[in-house]
Amino acid sequence: MKISNDVFYVGVNDHQIDLFEGQYVVPNGMAYNSYVIIDQKIAVFDTVDANFGDEWLDNVKIVLNDRLPDYLIVQHMEPDHSANIKKFAEQYPQAKIVSSSKSFTMMKNYFGTDFSDKQIVVGENDTLSLGEHELTFITAPMVHWPEVIVTFDNKDKILFSADAFGKFGALDVDEDWACEARRYYVGIVGKYGVQVQALLKKASALDIKTICPLHGPILTENLQYHLDLYNTWSSYGVESEGVLIAYTSIYGNTKSAVMLLAKELEELGCKKVVINDLARCDMAEAVEDAFRYGKIVLATTTYNGEIFPFMREFINHLTERNFANRTIGFIENGSWAPVATRVMKTMLEKCKNLTYTENNVKILSAVNEENKAQIKALAKELM
């Protein structure tokens, strides 16, 4: 695929994968992106997953058209992008490897060599001229690994963005960008909002016309939309109006309260009510929703003097990703000693800028008339 006169896509689609990073369901597969700039000098950007090394090298060979590459630029050492560095070096021994100093340390760990005879170490604002294309390297530590660099091509105004602006899904599948980009961001990059904000600040000084990420489609249109979403996600802002209700229920009584609350919210004109049964839904989807909406209700049972395990897992996912800037309401259930609200609040203590509703719901086994009044009051407060 031709991106510009001199820039080509040589990545691969993976429809063999079921779980990305061993945990994220990817029904539409994954793309491992790689790029080539053909100029007086030739640069290849990143490799691909180990299972697709031969296919990738074939793609590179076709684009090279009997020429030899001068550089392999390694922006990110995660194995889905770096697994074929050694294979590339063996096939093209004349090529230099361009990367950050931390990347070469990781190469020694992965491959038993840091390619000392091929190294070109780059840091913030270092440049590399290919001829007409001058590349500027920008450090992006912890977006989302410490060694990451991104690269700006000053001629075609392309930002090669490493894992930033990536998404789940292979490139031969047509699907909405934001949905799977959001789930990818929240799950994988979400903890590092401060670092993403730092990268966005650097990017704002560049005249970017195209974004080439290591996963997902090349972005050429309406770039401000994508940049704005990344700004919202990385600043832990509210993307969509609505209320998320995340719940667990053992015998259906907590679920009954959740459904009553959803009905009250809808009757009051709530723009969107999203309900996630944490025992049955895709946990990554539920976590994504928690970072999308500004108002969250957590509903669960007291269980072994604590809270139900799926709710504990859900809250752990939120706190480890620096969950912040939300309004939280609670529904708890317990037949003799309900403590779920207290436990959940304690788990959320390290989160910043959380506002708790004054009206919450305490169920003793089954929903009664008092609970129905509490649910009405909670719904009104959330509007």
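Residues numbered from 1 in each chain as written. Predicted model: local features only at pLDDT ≥ 70, side-chain atom pairs only at ≥ 80, totals over all residues. Heavy atoms only, no water.

1. Section: the overall build of the chain
Let me state the cut-off plainly: Going along the chain from the N terminus, every DSSP run of H or I of four or more residues is numbered as a helix, and every run of E of two or more is numbered as a strand. Categorising residues by exposure relies on relative accessible area from a 1.4 Å probe, with only protein chains included: less than 20% of the type maximum marks a residue as buried, more than 50% marks it as exposed, and the intermediate range marks it as partly exposed. Only heavy atoms enter the contact rule, under which two residues are in contact if any of them lie within 4.5 Å. The Shrake-Rupley method, run with a 1.4 Å probe, gives the accessible areas here. Residue values count only the displayed protein chains as cover. Only four residue types enter the tally: Lys and Arg on the positive side, Asp and Glu on the negative side, with His and both chain ends excluded. In this description, the location of a charge corresponds to atom NZ of lysine, CZ of arginine, CG of aspartate or CD of glutamate.
From N to C terminus, the chain includes 12 helices and 22 strands. A principal-axis box enclosing the C-alpha atoms of the chain has dimensions of 80 × 40 × 35 Å. Looking at the chain as a whole, 56% of its 383 residues are labelled buried. The contacts in the chain between residues at least 6 apart in sequence include a share of 70% that link residues at least 24 apart. Carbon and sulfur atoms provide 47% of the accessible area of the chain, an area that totals close to 16400 Å². For the chain, the separation between the mean place of its 37 positive charges and that of its 52 negative charges on side chains is 5 Å.

2. A few points about the environment of Lys 108
Along the chain, Lys 108 turns up in helix H4 (residues 101–111). Those residues in contact with Lys 108, other than ones at most four positions away along the chain, are Thr 113 and Asp 114.

3. Quick word on the sheet that holds strand S13 (residues 149–153)
Here is the rule we go by: The pairing criterion is simple: DSSP has to find at least two bridges between the two strands. Each axis is a line fitted through C-alpha atoms, and for a helix only the stretch in contact is used; angles between axes span 0 to 180 degrees, taken between their N-to-C directions.
Taking strand neighbours across the sheet as the criterion, the 5 strands line up as S11-S12-S13-S14-S15 in an open arrangement whose pairing is mixed. This sheet does not close on itself; its edge strands, each paired only once, are strand S11 (127–129) and strand S15 (210–212). Ignoring strand direction, the axes of neighbouring strands in this sheet form an average angle of 20 degrees.

4. Topic: the packing of aromatic side chains
Threshold: Under the pairing criterion, centres of Phe, Tyr and Trp rings, with the six-membered ring standing for Trp, must be within 6.5 Å; the plane angle then separates stacked pairs below 30 degrees from edge-to-face pairs above 60, leaving the rest tilted. Two limits define a charge over a ring: the Lys NZ or Arg CZ must be within 6 Å of the ring centre, and within 35 degrees of the ring normal.
Counted according to the given criterion, the structure contains 22 aromatic pairs. Relative to Trp 233, the ring of Tyr 185 lies with its centre 5.7 Å away and its plane at 35 degrees, an arrangement referred to as tilted. One end of the pair, Tyr 185, is in helix H5 (residues 177–189); the other, Trp 233, is in helix H7 (residues 223–234), and 48 residues separate them in sequence. Residue classification places Trp 233 among the buried positions, given a relative accessible area of 5%. Chaining the aromatic ring pairs together yields one cluster made of Phe 165, Trp 177, Tyr 185, Tyr 230 and Trp 233. Taking NZ or CZ as reference, Lys 345 lies 5.1 Å from the ring centre of Tyr 356, over its face.

5. Considerations on helix H8 (residues 253–267)
To keep it simple, the criterion reads: By this rule the span expected of a helix is its residue count minus one, scaled by 1.5 Å. When we speak of the arc, we mean the arc of directions from the helix axis to the C-beta atoms.
In this model, H8 (15 residues) spans 21 Å end to end at C-alpha, consistent with the 21 Å of a helix rising 1.5 Å per residue. Regarding H8, the residues found buried are Thr 254, Ala 257, Val 258, Leu 261, Ala 262, Glu 264 and Leu 265. Taken down its axis, H8 places every buried residue within 165 degrees of arc, on the same side. Structural note: H8 exposes Glu 266 and Glu 267 on the side pointing more than 90 degrees away from its buried face. Its buried side turned inward, H8 meets strand S16 (240–247), strand S17 (273–277), strand S18 (293–303), strand S20 (324–333), strand S22 (361–363) and helix H12 (369–382). After H8 finishes, the residue Gly 269 shows a positive phi value of roughly 95 degrees.

6. A closer look at the side chain of Ser 240
Position of Ser 240 among the secondary structure elements: in strand S16. Ignoring any residue separated from it by four or fewer positions in sequence, one finds Ser 240 in contact with Arg 292, Tyr 293 and Gly 294.

7. Description of unusual backbone geometry
What is expected of a backbone is that most residues other than glycine have negative phi and most peptide bonds are trans. Residues Val 143 and His 144 are joined by a peptide bond in cis, for which omega reads 5 degrees. Along the chain, His 144 turns up in the loop between strand S12 (134–139) and S13. Even without glycine at this site, Asn 65 takes up a positive phi of about 50 degrees. Note on placement: Asn 65 falls in the loop between helix H1 (53–64) and strand S8 (71–73). Backbone geometry places Ser 365, a non-glycine residue, at a positive phi of 85 degrees.

8. Structural notes on helix H10 (residues 309–320)
Here H10 contains 12 residues, and its C-alpha end-to-end distance of 16 Å stays within 8% of the 16 Å for a straight helix at 1.5 Å per residue. Against S16, helix H9 (283–292), S18, strand S19 (306–307) and helix H11 (340–347) lie the buried residues of H10. Backbone geometry just downstream of H10 places Asn 322 in the positive-phi region, at approximately 60 degrees.

9. Some points on the packing of H5 against H9
Cut-off, in case you're wondering: Working rule for angles: under 35 degrees goes down as roughly parallel, over 145 as roughly antiparallel, 65 to 115 as roughly perpendicular, anything else as oblique. Basically, the charged four are Asp, Glu, Lys and Arg, the nonpolar ten are Ala, Val, Leu, Ile, Met, Phe, Trp, Tyr, Cys and Pro, and anything else, Gly included, counts as polar.
Where H5 meets H9, the axes come as close as 9 Å, and the angle between the chain directions of the two elements is 95 degrees. When the axes of H5 and H9 are compared, the pair comes out roughly perpendicular. Together, Cys 179, Arg 182, Arg 183 and Val 186 of H5 and Ala 284, Glu 285, Val 287, Glu 288, Phe 291 and Arg 292 of H9 make up the contact between the two elements. For the contact of H5 with H9, a count of residues per class yields 5 nonpolar, no polar and 5 charged.

These figures capture arrangement, not role.
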